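Residue-level structural notes
The lines below spell out each chain.
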Amino acid sequence: MSKKDNSIHEFDFKLICEYYSSIERQGPGSPEITAKALSFIDTLNNESRIADIGCGTGGQTMVLANLTSGSIIGIDLFADFIDIFKDNCRKRNLQDRVEGVVGSMDHLAFQKEELDLIWSEGAIYNIGFERGINEWREFLKTGGFIAVSEASWFTENRPDEIDRFWKDEYPGIDIISNKVGQMQKAGYIPISTFVLPENCWTEHFYAPQVYAQDKFLKKYAGDKTAEELVKNQRHEAELYNKYKEYYGYVFYIGKKI
Ligand SMILES: C[S@@+](CC[C@H](N)C(=O)[O-])C[C@H]1O[C@@H](n2cnc3c(N)ncnc32)[C@H](O)[C@@H]1O
């Protein structure tokens, strides 16, 4: 879900949520990559408290739940996503240790040093990477981990078209070494940084949307918001295909010092 989508009028939120609810993930990622990022975190046990911030409908949360034994709280701004998240938990019989809550990442209701792990895939951009890692740090125990995926530049320079697109979408996009520097400065040891493979965008994010878009356009034929939403998503997919050597998502994993 892009920043632009978030700025669309309140009235259209239902439509946007319906669009994204029809796909398993609301951002680039995959079960394999969630598992890979988790493999760098070696301190978890069945007492651990994990928060998945900007969890959406819970695509990655369900993977985390299968690979960990502690409790997980998924937080998202949109109630419709949390409803689906809760259904996903019930279907998998995870409701005793995985909870979905409506809330905003800029106003989290955790106690200081309550969490062992903060997870966030493709969502921290909503308040900005640097602000997010700084503000969320107080909720982590010393020695606790943060793992977030974030749009990042692969090169110092890139073509104007893609530079303008991203500066408009997310001015906080930056090169990987600057993000790692921000993590160090915020009080984390940078533990690992890796680029998400292309299939996290193509197979797991854009391909499922092709079918969803056709269905959506048929259902809302003539609706300007629906048409605009699909047009934007298609444009974003085309840009990815054209400029993927210049940017992508990167997982940043840090340990609170
Ligand atoms: C790109 S989606 C990623 C969702 C999910 N983590 C995934 O990878 O499939 C970004 C998510 O952030 C949520 N979001 C946006 N602003 C938020 C806020 N202020 N607080 C919490 N969640 C927010 C959106 O509702 C959306 O589910």
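The coordinates are above.
Our subject in this report is the structure included herewith. (Residues numbered from 1 in each chain as written. Predicted model: local features only at pLDDT ≥ 70, side-chain atom pairs only at ≥ 80, totals over all residues. Heavy atoms only, no water.)

1. Concerning helix α9 (residues 202-219)
In this model α9 runs 25 Å from its N-terminal to its C-terminal C-alpha over 18 residues, within 8% of the 26 Å that 1.5 Å per residue would give. A bend of about 35° at V210 is the largest found in α9. At its buried positions, α9 is contacted by α2 (13-21) and α10 (224-243). (Helix = DSSP H or I, 4+ residues; strand = E, 2+ residues; numbered from the N terminus. Expected span 1.5 Å × (residues − 1). Bend = angle between axes of the 7 residues up to and from the residue. Contact = heavy atoms within 4.5 Å.)

2. Side note on the nonpolar core
Counting residues in each nonpolar core, the largest one holds 80 residues, and the members touching the most others are W119, W136, I146, W166, Y247 and F251. The element best represented in this core is strand β5 (residues 140-153), accounting for seven residues. Apart from residues no more than four positions distant in its own chain, W119 is found in contact with T34, A37, L38, I41, A51, D52, I53, Q60, L64, A147 and F251. (Core = buried A, V, L, I, M, F, W, Y, C linked by side-chain atoms within 4.5 Å. Buried < 20%, exposed > 50% of the residue type's maximum accessible area, 1.4 Å probe, protein only.)

3. Here we look at the environment of T57
Among the secondary structure elements, T57 is positioned in the loop between β1 (49-53) and α4 (59-67). Assessed through its relative accessible area of 3%, T57 is described here as buried. Once the C-alpha coordinates of T57 and R90 are considered, the two residues, 33 residues apart in sequence, prove to be 13 Å apart. Apart from residues no more than four positions distant in its own chain, T57 is found in contact with S21, I23, E24, Q26, F81, I84, F85 and N88. Polar side-chain contacts of T57 include one of 3.3 Å to the backbone oxygen of E24. (Polar contact = N/O pair within 3.5 Å; in protein donor to acceptor, adjacent residues only side chain to side chain.)

4. Description of the pairing of strand β2 (residues 71-76)
Where a strand is regular, its side chains alternate between the two sheet faces. Counting buried positions along β2 yields five of six residues, so the element is predominantly enclosed. Considered for its hand, the β-α-β crossover made up of β1, α4 and β2 is right-handed. Bridge count for β2 against strand β3 (residues 98-102) is five bridges, and the pairing is parallel. What sits directly across from I72, in β3, is V98. As a crossover connection, the stretch from β2 through helix α5 (residues 79-91) into β3 is right-handed. (Right-handed = clockwise from strand over helix to strand, strands pointing away. Pairing = 2+ DSSP bridges.)

5. Looking at the packing of aromatic side chains
Using the criterion set out here, one finds 22 aromatic pairs in the structure. Taken together, a centroid distance of 5.1 Å and an interplanar angle of 70° make the contact between F13 and F78 edge-to-face. Of this pair, F13 sits in helix α2 while F78 sits in the loop between β2 and α5, and the two are 65 residues apart along the sequence. Residue F13 shares its accessibility class with F78, and that shared class is buried. What links up through ring pairs into an aromatic cluster is the set W153, F165, W166, W201, F205, Y206, Y240, Y247 and Y249. Between K36 and the ring centre of F194, over which it is positioned, the NZ or CZ distance is 4.4 Å. (Phe/Tyr/Trp six-rings, centres within 6.5 Å; stacked < 30°, edge-to-face > 60°. Lys NZ or Arg CZ within 6 Å of the ring centre and 35° of its normal.)

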